[in-house]
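Here's the letter readout for the chains.
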Amino acid sequence: MPEPLLRANAVTVTFGGLIALSEVDLEVAPTGITGLIGPNGAGKTTMFNVITGLQRPTGGTVHYDGHDIRRWAPQRRARAGMSRTFQRLEMFVGMSVRDNLRSAWEASVPGGVFGRQAAAGRETVEEILSRLQLHSFADRRAGELPTGICRMVELGRALCTRPRLLLLDEPSSGLDAGETARFQDLLVETTSGDGLGPAVLLVEHDVRLVMDVCQQITVLDFGRRIAAGPPAEVRKDPAVIAAYLGESAA
Amino acid sequence: MLPFIILGLSAGAAYALASIGIVLTYKTTGIFNFAYAGVAMFCAYVFWQLRDRWHLTQWLALPLLLLVVAPLLGVILESLFRLLAATTVEVQIVVSLGLLAFFTTFVTIIWGGNPRLLTSIFPSGKFSPAHDVYVTGDQAGTFLLALAMAGGLYVVLNRTRLGTATRAVVDNRDLAGLVGANANAVGQSAWIISTIFAAMAGVMLSTEEGLVTYVLPALVFFSFAPAVLGRLVNLPLAFVGAIGLGLLDSILAKYNSSGTLAKIETSIPYLALFLLLVAYGRRLTEVRSSLRATGGSRVVVHTGWRNLGWGVAAIIIAVAVVPHAFGASTIQAFAQAMAYAVVALTLVVLTGWTGQISIAQMSFAGIGAFVAAHIAGTNGGLFPLAVLVGIAVAVPVSLVIGIPSLRLSGLFLALATMAFALLMDKLVFASNSITGGLTGLNLTAAKIGPLSFASPTAQFYLCLIALSLAGLGAFWLRQGPIGRRLQMVRDSPNATVTLGASLTATKLAVFAACSAVAAIGGALLAVTQATVVPSNFSFDTSLELLLVVVVGGRSLISGAVIAGGFDLVQLLPLPAAVDKYLPLGIAFSVVAIAREPDGLGRVMVRQLSYALDVLYRRARRPASPPLRRTAPRLVRQKAANRA
Ligand SMILES: Nc1ncnc2c1ncn2[C@@H]1O[C@H](COP(=O)(O)OP(=O)(O)OP(=O)(O)O)[C@@H](O)[C@H]1O
Ligand SMILES: [Mg+2]
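Here we come to a positive patch on the surface. On the surface, Arg 56 and Arg 71 of chain A together with Arg 282 and Arg 407 of chain B cluster together into a patch of positive charge. By the element assignment, Arg 71 of chain A lies in the loop between strand E5 (67-68) and helix H2 (74-79).

If you want it as C-alpha cells, here you go:
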C-alpha cells in the first residue's frame, strides 16, 4: 500500500468533560474515496475539524503528505491542498453562486485577492459550474437557494481550490433520491479516471452510497474507532453492525 | 498612605459591582453589555428622583430601585438581547452601543445636563480606627455593601439550584438545554442581578462624583478593565481586579502633583484594559451562543452598475447646486459634512462589509486633523505632506490596536478601539502641547500646489473630490476580489480559512486601510473647520458617527453619505424640540434596526411598499389570500422575471 496522504494518530478531543474523540487513528490513501461513518455524535465532524485545523486536538498527531501539521493554521492546510464542505452549511450567503466559487479560487491562489491570474480563475470557475450543472443558478444569491443546491455549491467551492484532499461532511443530507444519485456519479467521476482527482474523505449516513463508492472505511462510535477496512469487511464486522448498521444491512 | 487606601477601597468597591455585573451577563448569555454605563447612570438618576425629588424615604426609595426598577429593566434588556441570540456579534455590539446612547441621551432629556449632588445613602458620621485616620460612613458603607452583594452572589452561584443551573448553562449550552436546565430562566436571572448591581454601582459612583452625565459613563467604563482581567468569565478575579484598580487609582492620586501624572492616573483603567487585551491574547474566552450566528448577516454584495449611476447623479447635482444656491457658511457646512462622510465610509467598509466594529474612527480622524494642523498650520503649502504624515502615524497605531485584538472575535476589536479612543481623549487630545487645549489649533490656508483652500467653495470642491474618489474606489473594490474577500470573512469565517484565506490578515489590512482613510477624512475636517479642537474627535463623536452610519445603512456607500448628511441637520430651521430629541431618535432607531445593514431608509421603503401592496390587493380583491403568503410585489415580480 502506498504511503497515505493523511495519517492521524491517536487523536483525542475533549470538550470540558465530554470526550468527542478518543485516540482515533485514521488513514486516507492518496487516491480514491475513504469513508468515515458512525452514529450521530460519534465525532466525525470533530475529526474533520481537527484535520482542517478548526479544532485543536487535546492529543495525538496529524501528518499530511509527510508533514506534521499540528501547528499549521487552517489556511496553510488549505493552501497545501486540503478542502472541505460543511455539514451545517457555511455559504457566503451575500454573494452569488458564481462569486462563491470565484472567492474560493481567489483564496487558494497566492495574490488571488489582488486579481492575479484572474483569467485562469474565471475559466476554472466556469468549468466547475458546468460540471456541477450549476450554470442556471450562477447569478442567484447563495442565501436564497435550497439546501440541495447549497450542497452542490459547497462542493463546487471546494473543488475550485483544486484540492489534493477533499473532505465532504454529509454531502447528501438534504438531497432527494435523484439528487443523491447524481451526486454519486459526480463523486466517482471527480475522483476516478486519470488519477489526477483528489483523494476524498467522505462522511455520510447513506450507507448504500458509502458502501458503493468507498475503497476504505473507518467506523467511529462514541469517539472511538471500532473498525477500519474495505467495505466488504466492515459491513460484516459485528461491532459495526451492533453500533451502527443494524442487522438489516449485513 | 492609609487614607488613600481607604479611599481606594471604597472607589474600587463600586467598580467591583460594575465589573461583576458585566461579567455575569457575558458568561451566561454571551452578551457584552456596553450599555452598562447607561443603565447605571439611569438608575442613579431614578434614585435621585425617588429620594431627593419626590422625597420618599430612603428605605422606600432604595428597595424600589433595587427590587422593582432594576429587575424590570433587567427583564426588558434580557428579552431584547434574547431576540438577538442568533445574530452576529456585530449586531449585538451595535445594539448595546445604541442602548448606551439611548440611556445617556434619555437621562439628559429627562433630568437635564446640569450636574447634581447625590448625598450618600449611608450615615454621614465618620470614625477613626487609628490615630489621625478617618473613615467616613459612606466609605465604610460602600465597601461593606459591595462586599456583601458580591458575597451574596457567590452564595447564590454556589449553594442554590439557580447557581447549579447557571453553571450548567455556562459549561455547555447545548447540553444544558437538553437536560432541562432552563437557559432562558438562567439568562433572565443573570440580567436581573446584573442590573441590580448596575443600579448600586451607579448610586455609589454618583455619591462620590455627583450626578454628571458626562462623567458617570466614563467611570463605569473603568470597570471594563477588571472584567477583562477576569477574562470576562471569572467573577472573583473581576472583583479583586476592581478593588486593585481603585487602590492604584487612589494611591497615584496621592502623588498627584504634576499635571502629567494626573492625566496618566485617569487613563490607567483604559490603559489597563488595552494592555490586558494584548497580554491575554487568544486566552480570552469567547462565549458564543450555540445558535448559529447567521441571522444578522443580511449584507449582500450589490453587483451591477446601476447604483453607480445614483452616485454619479448625486455628485453632478452637488456640483450644480450647492456652490451656486447657498451662502458661504452653508457651502462650508456641506464641505464639512462630506469630510465626515469620508470618515463614515471607513465604518461602512469595516462594519458593514467586514463585520468589525471600531469605536475609534474619529480618533484616527483626530490624528489626521492634528497632524495637518501642526504641519500645515503656518505653511499651508505643506498640506499634502501633512496628509501623508497623518496616514503614516495612523497606520502603525491601527496595527498596534489590530494585531492583538483582530485575532479574536469582533467583541475584542470593539473593546480595544474603545480603550484607544478613551486613551486618546485622556492622554493625547487633552495635552495642550499637542492639541492647543480647548481652543485648539488653526489650519486656515491649506494648499495643494497652487490651489488654495481658504474659501468655502474651494473646500467644498476639495471634499467633494475626496468623497467621490473614496466612494468610487470603495464601489470598485467591492465588485472585485477584495470585495469578495471581505464578504467571505463576514459570512463565514470557517469557510474562509478552510479555503486558504487568512482572517487576521484580511481584517488587519482592512482596519489599517480604514484608519488611513479616516486620517485623510480628519485632515479634510481640519481644513473645513479651520480651528481643530479636541472635542470634535472624542470617543463620543466616534460613537455618534457609528450610530448614524447604522441608521444611514452600514452596508451601503450611500449610508456613509447619509451619515455625513446628519451634520447638516443643524442648518435646517427646525424647532428646538427636534434638536433635543434627534439623538434619542437615532439611538432608538439603531436598537430597532440593528439587524438591517441597509439602514433606516431602506427598511422604511420596504415596509411602506409592503403595506401599499397589501392595501392595493385588498382594494382590488376583497378575498385576499392570507397575509403571510403575500410577498412584497417587487420580490414576486423578480421571481416571475426569472421564471
Ligand atoms: N464545540 C463543541 N463544544 C462542545 N461539544 C461539542 C462541540 N463540538 C462537538 N461537540 C460534541 O462532540 C460530540 C461529537 O460531535 P460531532 O459533531 O463530531 O459528531 P458527528 O459524528 O459529526 O455527528 P453527526 O452525525 O450528528 O454529525 C457530540 O457529542 C457533540 O455534542
Ligand atoms: Mg457531523
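Structure shown, so let's carry the discussion forward.
Turning our eyes to something else, we now look at the site of ligand 1. All names here are of chain A. Around ligand 1 there are 14 residues in total, and Gly 41, Lys 44, Thr 45, Thr 46 and Gln 87 lie nearest to it. Here an oxygen atom of ligand 1 and a side-chain polar atom of Lys 44 are 2.8 Å apart. When ligand 1 is considered free in solution it has 630 Å² of accessible area, and contact with the protein chains removes 67% of it. At the level of secondary structure, the elements contributing two or more residues to the shell around ligand 1 comprise strand E2 (18-28) and helix H1 (44-52). The element that contributes the greatest number of residues to the shell around ligand 1 is H1, accounting for three residues. Of the residues that constitute the shell around ligand 1, the class distribution is five nonpolar, seven polar and two charged.

Moving on, we come to the nonpolar core. Counting residues in each nonpolar core, the largest one holds 188 residues, and the members touching the most others are Phe 34 and Leu 411 of chain B. Top contributing element to this core by residue count: helix H14 (residues 328-353) of chain B, with 15 residues. In this structure, this core is formed jointly by two domains, domain 1 (2-122 + 148-261) and domain 2 (304-601) of chain B, each of which donates at least three residues. Each residue touching Leu 411 of chain B, except ones within four places of it in the same chain, is listed here: Tyr 26, Phe 32, Phe 34, Val 89, Ile 93 and Leu 232 of chain B. Core analysis: the next-biggest nonpolar cluster, separate from the first, contains 54 residues, Ala 104, Met 152, Leu 209 and Ala 227 of chain A among them.

Residues and elements named next belong to chain B. On inspection of all chains with the given rule, the structure shows five cavities of 30 Å³ or more. The space that makes up the largest cavity amounts to roughly 110 Å³. Contributing to the lining of the largest cavity are 12 residues, with Tyr 26, Gly 30, Val 89, Gln 92 and Leu 411 lying nearest its centre. Examining the composition of the lining of the largest cavity, we find that three residues originate from one element, helix H4 (residues 89-111), more than from any other.

Here the focus is the confidence of the model for chain B. Residue and element names in this part refer to chain B. This prediction gives chain B a mean pLDDT of 88; 92% of its residues lie at or above 70. In this model, residues 290-296 is a region of pLDDT below 50 whose contacts with residues beyond four sequence positions or in other chains number 23 contacts. Taken as a whole, residues 624-637 scores under 50 in pLDDT and shows 16 contacts with residues more than four places along the chain or in a different chain.

So, how was this worked out
- Residues numbered from 1 in each chain as written.
- Chains lettered and ligands numbered in written order.
- Predicted model: local features only at pLDDT ≥ 70, side-chain atom pairs only at ≥ 80, totals over all residues.
- Heavy atoms only, no water.
- Patch = residues over 30% accessible without salt bridge, like charges linked within 9 Å, V, L, I, M, F, W, Y side chains within 5 Å.
- Areas by Shrake-Rupley, 256 points an atom, 1.4 Å probe, with all protein chains shown as cover.
- Salt bridge = Lys/Arg side-chain N within 4 Å of Asp/Glu carboxyl O.
- Lys, Arg positive; Asp, Glu negative; His and termini not counted.
- Charge placed at Lys NZ, Arg CZ, Asp CG, Glu CD.
- Helix = DSSP H or I, 4+ residues; strand = E, 2+ residues; numbered from the N terminus.
- Near = heavy atom within 4 Å.
- Polar contact = N/O pair within 3.5 Å; in protein donor to acceptor, adjacent residues only side chain to side chain.
- Nonpolar A, V, L, I, M, F, W, Y, C, P; charged D, E, K, R; others polar.
- Core = buried A, V, L, I, M, F, W, Y, C linked by side-chain atoms within 4.5 Å.
- Buried < 20%, exposed > 50% of the residue type's maximum accessible area, 1.4 Å probe, protein only.
- Domains from an automatic or database assignment.
- Contact = heavy atoms within 4.5 Å.
- 1 Å grid on protein atoms, 1.4 Å probe; cavity = no way out; pocket = protein on both sides within 12 Å on 5 of 7 lines; lining within 4 Å.
- Points joined across faces, edges and corners; volume = space filled by probe spheres on them.
- pLDDT = per-residue confidence, 0-100.

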